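Fold and contact review
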Amino acid sequence: MATRTALITGASRPAGLGFAVARDLAQRGYQVFLTARDQTAAEPLAAQLRQEGHAATALRLDLSDPAGVDELAGRLAETSGHLDVLVNNAGAMPDFRVLDALDADMDTLRMAMEVSVIGPWALTQALLPLLKAAPAARIVNVSSLSAQQIATGLDLGAPLRSPAYSMAKYMLNALTTVLARALADTPILVNAVDPGNTATHPERGDDANDRPAAESARDIVKAAMLGADGPTGQLFRNGQSTA
């Protein structure tokens, strides 16, 4: 039986959620591809997993570079021929301190959309032949509670915090349902996971109640390993669908 393979975007920091997901999947027998805009940041993490006895490779992926997306897909086609799991984890929170949509910077918004919506969309398109070549591939989009500010239509008494990031994650949730519908006649399941507040930035100080990255990663891995009768087009939080 062919080795199961998984590609995780945004796996460049030792304390990051992407690396925690990659390690969890590697421990379950997956060959993992850790991607990052700066490949040199992902290399030590892949090497660490190899030292632990797992199959891991670091690859460069800039989601804002269409040629790079296609190059990555071509390399995977040559080396593995299929992809069982795609985890769209890469993200950026460039406007963390912006507290009102009227103060949003449009260049920042474009960047957030590129990383969280357009990039994952393009990557899914590029990798689709490999996903279809797997027996039953899974696509997991890493969402955020920030999107719920928009989804719940809170009127709010409060302006939209982190507007670029929040709008991009909201659109990623919408993309999840769109892709699930488009792939409804295939074995591929597409879901989004909100991992909750996660301790991934010890250098700047995480909140005391933030979940450990390994714990949040388990929710993502659960969606990546859904059975054939599993849901598609759903948003999961705390392991449960929010539908």
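How each quantity is defined
- Residues numbered from 1 in each chain as written.
- Predicted model: local features only at pLDDT ≥ 70, side-chain atom pairs only at ≥ 80, totals over all residues.
- Heavy atoms only, no water.
- Salt bridge = Lys/Arg side-chain N within 4 Å of Asp/Glu carboxyl O.
- Helix = DSSP H or I, 4+ residues; strand = E, 2+ residues; numbered from the N terminus.
- Pairing = 2+ DSSP bridges.
- Right-handed = clockwise from strand over helix to strand, strands pointing away.
- Buried < 20%, exposed > 50% of the residue type's maximum accessible area, 1.4 Å probe, protein only.
- Contact = heavy atoms within 4.5 Å.
- Expected span 1.5 Å × (residues − 1).
- Patch = residues over 30% accessible without salt bridge, like charges linked within 9 Å, V, L, I, M, F, W, Y side chains within 5 Å.
- Areas by Shrake-Rupley, 256 points an atom, 1.4 Å probe, with all protein chains shown as cover.
- Core = buried A, V, L, I, M, F, W, Y, C linked by side-chain atoms within 4.5 Å.

Examining the pattern of salt bridges
Across all of its chains, the model carries six salt bridges by this definition. Close ionic contact of Glu 52 with Arg 23 constitutes a salt bridge, the shortest N to O distance being 2.5 Å. Of the two residues, Glu 52 is situated in the loop between helix H2 (39–51) and strand S3 (56–60) and Arg 23 in helix H1 (residues 17–27); the sequence distance between them amounts to 29 residues. The partner of Asp 107 in a salt bridge is Arg 110, and the shortest N-O contact between them spans 3.0 Å. Residue Asp 107 and its partner Arg 110 are both found in helix H4 (residues 106–133); the two are separated by three residues, about one turn of the helix. A single salt-bridge network, built from bridges that share partners, covers Arg 211, Glu 215 and Asp 219.

Considering the pairing of S3
Strand direction decides the pairing type here: strand S2 (residues 31–36) and S3, joined by five bridges, are parallel. Note on S3: the bridge partner recorded for Thr 35 is Leu 59. For the crossover that starts at S2, traverses H2 and ends in the parallel S3, the hand is right-handed.

Comments concerning the environment of Leu 102
Looking at the secondary structure, you find Leu 102 in the loop between strand S4 (85–88) and H4. Leu 102 gets classed as exposed once you look at its relative accessible area, which sits at 79%.

Things to note about the environment of Arg 23
By relative accessible area, which is 24% here, Arg 23 ends up partly exposed. Between the alpha carbons of Arg 23 and His 54 there is a distance of 8.6 Å; along the sequence they are 31 residues apart. In this view, Arg 23 contacts Gln 48, Leu 49 and Glu 52; residues no more than four positions away in its chain are not counted.

A look at helix H7 (residues 213–224)
Within an α-helix, residues lying three or four positions from one another point in the same direction, as the helix has 3.6 residues per turn. Here H7 contains twelve residues, and its C-alpha end-to-end distance of 16 Å stays within 8% of the 16 Å for a straight helix at 1.5 Å per residue. Within the span of H7, buried status applies to Ala 213, Ser 216, Ala 217, Asp 219, Ile 220, Val 221, Ala 223 and Ala 224.

Here's the deal with the environment of Ala 22
You can see Ala 22 is positioned in helix H1. Taking the C-alpha atoms as reference points, Ala 22 and Ala 56, 34 residues apart in sequence, are found 8.6 Å from one another.

Considering a nonpolar patch on the surface
Together, Met 167, Tyr 170 and Met 171 line one region of the surface with nonpolar side chains, adding up to about 220 Å² of accessible area. Residue position: Tyr 170 is located in helix H6 (residues 163–182). The partly exposed category is assigned to Tyr 170, whose relative accessible area is 31%.

Regarding the nonpolar core
In terms of nonpolar packing, the biggest core is built from 32 residues, with Ile 8, Val 21, Leu 25, Val 32, Leu 34, Val 87 and Ile 220 touching the most fellow members. Sorting the residues of this core by element identifies strand S1 (5–8), H1, S2, H2, S3, S4, strand S5 (138–142) and H7 as the ones contributing at least two each. If one sorts the elements of this core by residue count, H1 sits on top with seven residues. Discounting residues that sit within four places of it in the chain, Leu 25 has contacts with Ala 6, Ile 8, Tyr 30, Val 32, Val 85 and Val 221. Counting 28 residues, the second-largest nonpolar core is a separate cluster that includes Leu 83, Leu 123, Ala 126 and Leu 179.

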